[in-house]
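So the chains spell out like this:
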Amino acid sequence: MVEQTLSIIKPDAVQKRVIGKIIDRFESHDLKIVAIKKLQLSEYDAKAFYAVHKERPFFGDLVKFMISGPVVAMVLEGEDAVAKNRDLMGATNPKEAKPGTIRADFAESIDANAVHGSDSIENAKLEIEFFFSKREIC
């Protein structure tokens, strides 16, 4: 089934200048970029986007990290896009990520783990709406 999912290239990967290499992974695996933008999240934005984690002990560090530099937000579209993107990203902890995944190749740590991807079709819809208006998705 053709789906859409949100992907964010996080500040650590943007700083390393591997945006193009990460995008190539998506496109090489039949995920089409239907919207893309580079932006700097405010503290308000980061807290709102990650509100689901607000009671977790890592929330403050996550917000601080996500506002530490620009991010690249994308809407990816393709067959089983949510699952395919999650497979391409690899495990949250790059030390546990399979070789050849984005996190195994580009992430430093469980905190600075290069990318974010929606974990379900339902969350993908909400996350896409957080970053993109309908007219921005082509």
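It should be emphasised that the depicted structure is a prediction, and the values quoted were computed from it without experimental measurement.

The rules behind these values
Counting starts from 1 at the beginning of each chain's written sequence and moves along it residue by residue. Where totals are concerned, whole chains, interfaces and linings use all residues; where local detail is concerned, this predicted model gives features only for residues with pLDDT of at least 70, and gives and counts side-chain atom pairs only at 80 or more. Working from all heavy atoms in the structure, the side-chain values ignore hydrogens and water. Residues grouped as a nonpolar core are buried Ala, Val, Leu, Ile, Met, Phe, Trp, Tyr and Cys residues, joined through side-chain atoms within 4.5 Å. Partly exposed residues are those whose accessible area sits between 20% and 50% of the maximum for their type, while under 20% is buried and over 50% is exposed, using a 1.4 Å probe and protein chains only. Helix numbering and strand numbering both begin at the N terminus, where a helix is a DSSP run of H or I of at least 4 residues and a strand a DSSP run of E of at least 2. Salt bridges are defined by distance alone: a side-chain nitrogen of Lys or Arg within 4 Å of a carboxyl oxygen of Asp or Glu. For cavity detection a 1 Å grid was placed over the protein atoms alone, and a set of points counts as a cavity when a 1.4 Å probe fits there but cannot get out; an open set counts as a pocket when protein lies on both sides within 12 Å along at least five of seven lines, with lining residues being those that have an atom within 4 Å of a point. Grid points are joined across faces, edges and corners, and a volume is the space filled by probe spheres set on the points. Any residue that is not Ala, Val, Leu, Ile, Met, Phe, Trp, Tyr, Cys, Pro, Asp, Glu, Lys or Arg is counted as polar, Gly included; the first ten are nonpolar and the last four charged. UniProt positions are given in the numbering used here, feature names are shortened, and annotations may be inferred rather than shown by experiment. Contacts are assigned to residue pairs that have any heavy atoms within 4.5 Å of one another. A residue counts as positive if it is Lys or Arg and as negative if it is Asp or Glu; His and the chain ends are not included.

Brief notes about the nonpolar core
Nonpolar side chains tend toward joint burial in soluble globular proteins. Ranked by internal contacts, the top residues of the largest apolar core, which has 20 residues, are Leu6, Ile8, Met66, Phe131 and Phe132. Broken down by secondary-structure element, the contributors of at least two residues to this core are β1 (2–9), β2 (32–39), α3 (43–49), α4 (59–66), β3 (71–79) and α7 (121–131). Here the element with the most residues in this core is α4; it accounts for five residues. Formed by 19 residues, the second largest nonpolar core is a distinct cluster that contains Val18, Val72, Phe106 and Ala114.

Section: the pattern of salt bridges
What the rule picks out here adds up to five salt bridges. Notably, a salt bridge pairs lysine 37 with glutamate 136, separated by 3.1 Å at the nearest N-O pair. With lysine 37 in strand β2 and glutamate 136 in the segment after α7, this residue pair connects regions lying 99 residues apart in the sequence. Overall, the relative accessible area of 23% leaves lysine 37 in the partly exposed class. A salt bridge links glutamate 43 to lysine 47; the shortest N-O distance between them is 3.0 Å.

A short note on the layout of surface pockets
The probe, sized like a water molecule, is rolled over the atoms to show the empty space still left. Roughly 680 Å³ of internal volume is contained in the largest pocket. Within the residue set of the lining of the largest pocket, elements represented by two or more residues are α4, α5 (81–89), β4 (115–117) and α7. In terms of residue class, the lining of the largest pocket is built from 11 nonpolar, seven polar and seven charged. Here the second largest pocket defines a volume of roughly 180 Å³. Surrounding the second largest pocket, Gln4, Ala124, Lys125, Ile128, Glu129, Phe132, Ser133, Lys134 and Ile137 form its lining. The element that contributes the greatest number of residues to the lining of the second largest pocket is α7, accounting for four residues. The class makeup of the residues in the lining of the second largest pocket is four nonpolar, two polar and three charged.

Points about the UniProt feature "binding site: ATP" (unreviewed entry) in the protein chain
The UniProt record marks Lys10, Phe58, Arg86, Thr92, Arg103 and Asn113 with the feature "binding site: ATP" (unreviewed entry), using the residue numbering of this structure. As for the largest pocket, its lining draws on Lys10, Phe58, Arg86, Thr92, Arg103 and Asn113 from among the annotated residues. Structurally, threonine 92 is set in the loop between α5 and α6 (102–106). When near neighbours in sequence (up to four residues on either side) are disregarded, threonine 92 contacts Arg103, Ile110 and Asn113. Along the chain, arginine 103 falls in helix α6. Judged by its relative accessible area of 5%, arginine 103 is buried. Setting aside residues no more than four positions away along its own chain, arginine 103 makes contact with Met89, Gly90, Ala91, Thr92, Pro94, Ala97, Asn113, Val115 and His116.

Looking at the side chain of aspartate 12
In this structure, aspartate 12 sits in helix α1 (residues 11–15). One buried charged side chain, aspartate 12, makes no salt bridge at all; its nearest oppositely charged neighbour is lysine 16, positioned 4.7 Å away. Apart from the residues lying within four places of it in its own chain, the contact partners of aspartate 12 are Phe65, Ala107, Glu108, Ala112, Asn113 and Ala114.

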